[in-house]
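# A closer look at the structure
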Amino acid sequence: MEIKESTALVTGANRGIGYVFARALIARGAATVYAGVRDPASVSGEDLTPLRLDVTVPEEVAAAAGDATIVINNVGVGGFTTKLLTGSFDGARQAVEINYFGTWAVSRACAPVLGTKGLSAADHRLVPAAARRSAGSVLGTSSARSQRRRIHER
Ligand SMILES: NC(=O)c1ccc[n+]([C@@H]2O[C@H](COP(=O)([O-])OP(=O)(O)OC[C@H]3O[C@@H](n4cnc5c(N)ncnc54)[C@H](OP(=O)(O)O)[C@@H]3O)[C@@H](O)[C@H]2O)c1
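Owing to the predicted nature of the structure, the values given are computational and were not obtained by experimental measurement.

### Things to note about the overall build of the protein chain
- Each helix and strand in the protein chain was counted, giving four helices and six strands.
- Listing every helix and strand of the protein chain by position from the N terminus yields β-α-β-β-α-β-α-β-β-α.
- Counting all 154 residues of the protein chain, 37% fall into the buried class.
- Contacts in the protein chain between residues far apart in sequence, at least 24 positions, make up 58% of those at least 6 positions apart.
- Just so you have it, the protein chain exposes about 8700 Å², and 54% of that area is on carbon and sulfur atoms.

### Here we look at the site of the ligand
- Neighbouring residues of the ligand: 16 residues in total, closest Asn14, Arg15, Ile17, Arg38 and Asn74.
- Between the ligand and Gly76, the relevant distance is 3.4 Å, taken from an oxygen atom to a main-chain nitrogen or oxygen of the residue.
- Protein chains bury 70% of the 900 Å² of accessible surface belonging to the ligand in isolation.
- Class assignment of the residues belonging to the shell around the ligand gives a composition of six nonpolar, seven polar and three charged.

### As for unusual backbone geometry
- Non-glycine residue Glu5 carries a positive phi angle of around 65 degrees.
- Tracing the backbone shows Glu5 in the segment before β1 (7–11).

### Digging into helix α3 (residues 89–116)
- Counted at 1.5 Å a residue, the expected span for α3 with its 28 residues is 40 Å, and the 40 Å between its end C-alpha atoms agrees.
- The largest bend in α3 amounts to roughly 40 degrees and is located at Cys110, with the proline Pro112 lying one to four residues further along.
- Of all the positions in α3, only Gly91, Ala95, Ile98, Asn99, Gly102, Thr103, Val106, Ser107, Cys110, Ala111 and Leu114 are classed as buried.

### Points about the nonpolar core
- Counting 16 residues, the largest nonpolar core has Val10, Leu25, Val33 and Leu48 as the members making the most contacts within it.
- Taken together, the elements giving at least two residues each to this core come down to β1, α1 (16–27), β2 (32–37) and β4 (70–73).

### Digging into α1
- The terminal C-alpha atoms of α1 lie 17 Å apart, and with twelve residues this matches the ideal 16 Å at 1.5 Å per residue to within 8%.
- The inward-facing, buried residues of α1 contact β1, β2, β3 (48–52) and β4.
- Two residues or fewer past α1, Gly29 is found with a positive phi of approximately 95 degrees.

### Looking at the packing of aromatic side chains
- Scanning the entire structure with this criterion turns up one aromatic pair.
- Geometrically, the ring pair formed by Tyr100 and Phe101 is edge-to-face, given 5.1 Å between the ring centres and 85 degrees between the ring planes.
- With a relative accessible area of 42%, Phe101 lands in the partly exposed category.

### Observations concerning the pattern of salt bridges
- Inspection of every chain in the model, using the stated rule, returns two salt bridges.
- Among the ionic pairs, Asp47 bridges to Arg23, the shortest N-O distance being 2.5 Å. Here the residue Asp47 occupies a position in the loop between β2 and β3, and Arg23 occupies one in helix α1, the gap between them amounting to 24 residues.
- For Asp90, the salt bridge is made with Arg93, and the minimal N-O distance between the two is 3.6 Å. In this pair, Asp90 and Arg93 are both assigned in helix α3, three residues apart and thus about one turn of the helix distant.

### Examining the side chain of Thr7
- Mapped onto the elements, Thr7 comes out in strand β1.
- For Thr7, a relative accessible area of 13% translates into the label buried.
- Sequence-distant contacts of Thr7, defined by excluding residues within four places in its chain, comprise Thr32, Tyr34, Asp67, Ala68, Thr69 and Ile70.

Parameters and conventions
- Residues numbered from 1 in each chain as written.
- Predicted model: local features only at pLDDT ≥ 70, side-chain atom pairs only at ≥ 80, totals over all residues.
- Heavy atoms only, no water.
- Helix = DSSP H or I, 4+ residues; strand = E, 2+ residues; numbered from the N terminus.
- Buried < 20%, exposed > 50% of the residue type's maximum accessible area, 1.4 Å probe, protein only.
- Contact = heavy atoms within 4.5 Å.
- Areas by Shrake-Rupley, 256 points an atom, 1.4 Å probe, with all protein chains shown as cover.
- Near = heavy atom within 4 Å.
- Polar contact = N/O pair within 3.5 Å; in protein donor to acceptor, adjacent residues only side chain to side chain.
- Nonpolar A, V, L, I, M, F, W, Y, C, P; charged D, E, K, R; others polar.
- Expected span 1.5 Å × (residues − 1).
- Bend = angle between axes of the 7 residues up to and from the residue.
- Core = buried A, V, L, I, M, F, W, Y, C linked by side-chain atoms within 4.5 Å.
- Phe/Tyr/Trp six-rings, centres within 6.5 Å; stacked < 30°, edge-to-face > 60°.
- Salt bridge = Lys/Arg side-chain N within 4 Å of Asp/Glu carboxyl O.

This is the structure we're talking about:
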């Protein structure tokens, strides 16, 4: 994965691990790092390019599919709403909506552009926090192994 002079999209880049990913990309010479966030005003750092992106809103996902050759699917929720005994079905459903379908939707939207940069769109898989030796890369940070397995299946 070539970072220098690249264009990257990091979802949830306003805080936490997403922000660290975004900063690391800048530090390694990425030309443009889109910070895909629900609230563009929450992005700090003038070298990041805020992009309104709620991964559960199809129009925003479609609009976010630009010229990125690196896509980091960082957005993810968990916590008390998803706990087996004390969580709720609504909380669990929301987590699946965001963690699985949101990741899937962003990857699908970006795949055609990535495909023109060296990979065939059909060849894309979601790689958990790993680099691909290709021009276009889709990375994910989900920690749910079972979900990851399902995402990997084509
Ligand atoms: N922390 C860990 O120990 C750990 C370990 C392994 C993997 N991970 C994974 O790494 C990722 C980031 O973890 P974190 O600890 O940095 O999480 P975090 O601090 O809770 O940040 C979550 C990010 O996701 C964004 N987000 C939530 N729902 C969204 C939606 N519908 N559309 C767009 N953005 C949305 C949040 O935006 P707002 O600011 O708008 O809420 C925030 O930027 C997650 O996928 C997590 O599962 C975390």
